[in-house]
Amino acid sequence: MNKHRLLTAVLLTLMVAGSQAKVRLPHLVGDNMVLQQQTEARLWGWAKPKATVTVTPSWGQAVTAKADKDGRWLVKVLTPKASYTPLSLTFDDGEGSVSIKNVVSGEVWVCAGQSNMEMPVKGFWGCPVEDYNQVVIDAKNHKGVRSVKIPSIMRMEPQDDAQCEWRECSPQTVSEFSATGYFFARTVHSALDIPIGIIEANKGGSRVESWLTKENLQKYTNEPTDTAGIVAFKPDQDYLRGLLWGNGTFNPILNFTVKGILFYQGCSNIGDPGNQYSERLKLLVEQWRSQFGLGEIPFYFVEIAPYHYDDVNGTNGSLIREQQFRASQIIPNSSLVCTNDLVYPYETTQIHPAQKRQVGERLAYTALNRDYGFEQVLYKSSSYKDMAIKGDAIYIHLQDNYHADAPFEMIQGFEIAGEDKVFHPAKAQHFWQPGGGYWDEAIVINSPEVKNPVAVRYCFRNFQIGNVKNGANLPLFPFRTDNW
């Protein structure tokens, strides 16, 4: 009996030792994944300390790496041109091997932010995206789109792995994909006809500070970075906590080789003073680019949509939109998608508007033009350029081509004020006069309530929908000419 127990113990010890020796991969490196094409894609994992790990791709030469004293290793593998051809990889540390299959080479984008990026195609609380059934049926045409969802978890220390798995797009799986991310990927997939992968690393309700590192929080903010301080800061709203979501939800993806980052966030930073939001968003982009180590990768982000924020006529939401626009001007290789037209009048209290297809498509138009050579694809919304006062009217000029939805009706969304700083709804119409000169092409704005105007605002309220769009059917960014 004792000999039997001893033999059992020996066998168990050998089994444990064998399992410890066998090379281990992070969950993100697994079956069905999409590798960034034609680059040095990073692959990593763990093995016995100082062990030599051989990585053999089905399409090329094997490469090796030596695990460090903690058993960590990382290699770079040259990836082939994008294709639907299934690929495989084998990882061997000399004492055991692991293989992954049905890998493809394509384009990989990160989908980051809060709940409007996290919102799946099936929506939240029984509110799916617009045309949901058709989206599900159409998914059969986009099998080249794949997604992986990183669980939203909080951690005090940066994590290097997360429980996740890559999913192939199908009518059975698409409802769980990030809606904004999926519509981006679907559009790029249609244009390029290559595999598109999206890595969903986001958390509903999170702030910009939720994703900053401990070092950046300590250097640039007054946010607590110790456990007691973080818990005390937002005891009943953990989604607002700083540091933790970046450690638990974003850090596990930083070794993966990606093309760029898509970001949809801002609602939870309503009320931030001055330029704080734009400066911290710029800091976050710099942090992520440094952590990925892939250079100045694209950062394309989404303006928060109209929402009541307890007062439809308030301006807290508008101030964040203004900060987002400013961020697009100070963050290199970035671009902002305008969403002023992507809510219905009845969605005043709907923080997750149903029109996610257009959001994803506009992000895709941006990437197609800027990164994939589709120069004829228009992606820029109009924005305010300058103004001039002439009599009782203000003439404004816009950048990036404009016209109104309904050219024979009053343009909607403008307000005008005099020196009393009281804004009144204004009449606005296109003004064009042949012959050259400053006044040739503009929008002229006036109100019988304001005899001596000094300032103009366009959709500068929490929930206000205008109808000025450009030739690409993209809306004018909300703006103000004052600083009141």
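A few points on the structure. Keep in mind that what you see is a predicted model, and the values were worked out from it rather than measured.

1. Digging into the pattern of salt bridges
Opposite charge on two side chains permits pairing when their charged atoms draw close. The full count for this structure, using the stated rule, is 22 salt bridges. Salt-bridge contacts for Arg72 lead to Asp160; the nearest nitrogen and oxygen are separated by 2.4 Å. Taken together, the positions of Arg72 in strand E5 (residues 72–78) and Asp160 in the loop between strand E8 (145–149) and strand E9 (166–168) put the pair 88 residues apart, joining distant regions of the chain. We classify Asp160 as partly exposed; its relative accessible area is 29%.

2. Considerations on the packing of aromatic side chains
Within this structure, the stated rule accounts for 23 aromatic pairs. Ring geometry for Phe177 and Tyr182: centres 6.1 Å apart, planes at 85°, overall edge-to-face. Phe177 gets classed as buried once you look at its relative accessible area, which sits at 0%. Pairing Tyr344 with Tyr346 gives two aromatic rings, centres 5.4 Å apart and planes at 10°, and the pair type is stacked.

3. Quick word on the nonpolar core
Within the largest apolar cluster, 70 residues are counted, with the highest numbers of intra-cluster contacts made by Met33, Leu43, Trp73, Phe91, Phe250 and Leu281. Considering each element in turn, this core owes the most residues, seven residues, to helix H8 (residues 276–292). In this view, Phe250 contacts Val110, Ala112, Ala201, Trp211, Trp245, Trp288 and Phe292; residues no more than four positions away in its chain are not counted. Membership of the second largest hydrophobic core comes to 39 residues, among which are Val135, Tyr300, Leu342 and Ala367.

4. Some points on the side chain of Asn340
Its location among the elements puts Asn340 in the loop between strand E13 (334–337) and helix H10 (356–371). Note on Asn340: relative accessible area 3%, which makes it buried. Separated by 2.9 Å, the side chain of Asn340 and the backbone oxygen of Gln464 make a polar contact. At 3.1 Å, the side chain of Asn340 forms a polar contact with the backbone nitrogen of Gly466. Once residues lying within four places of it in the same chain are set aside, the contact partners of Asn340 are Glu303, Pro306, Tyr458, Cys459, Gln464, Ile465, Gly466, Pro475, Leu476 and Pro478.

5. Observations regarding the sheet that holds strand E23 (residues 479–480)
Strands sit in the order E18-E17-E21-E23 across an open sheet of four strands; the sheet is antiparallel. Each end of this open sheet is capped by a strand with a single partner; those strands are strand E18 (423–425) and E23. Bridge analysis of strand E21 (residues 455–458) against E23 gives two bridges, and the strand direction is antiparallel. Among the inter-strand pairings, Tyr458 is bridged to a residue of E23, identified as Phe479.

Calculation rules
Residues numbered from 1 in each chain as written. Predicted model: local features only at pLDDT ≥ 70, side-chain atom pairs only at ≥ 80, totals over all residues. Heavy atoms only, no water. Salt bridge = Lys/Arg side-chain N within 4 Å of Asp/Glu carboxyl O. Helix = DSSP H or I, 4+ residues; strand = E, 2+ residues; numbered from the N terminus. Buried < 20%, exposed > 50% of the residue type's maximum accessible area, 1.4 Å probe, protein only. Phe/Tyr/Trp six-rings, centres within 6.5 Å; stacked < 30°, edge-to-face > 60°. Core = buried A, V, L, I, M, F, W, Y, C linked by side-chain atoms within 4.5 Å. Contact = heavy atoms within 4.5 Å. Polar contact = N/O pair within 3.5 Å; in protein donor to acceptor, adjacent residues only side chain to side chain. Pairing = 2+ DSSP bridges.

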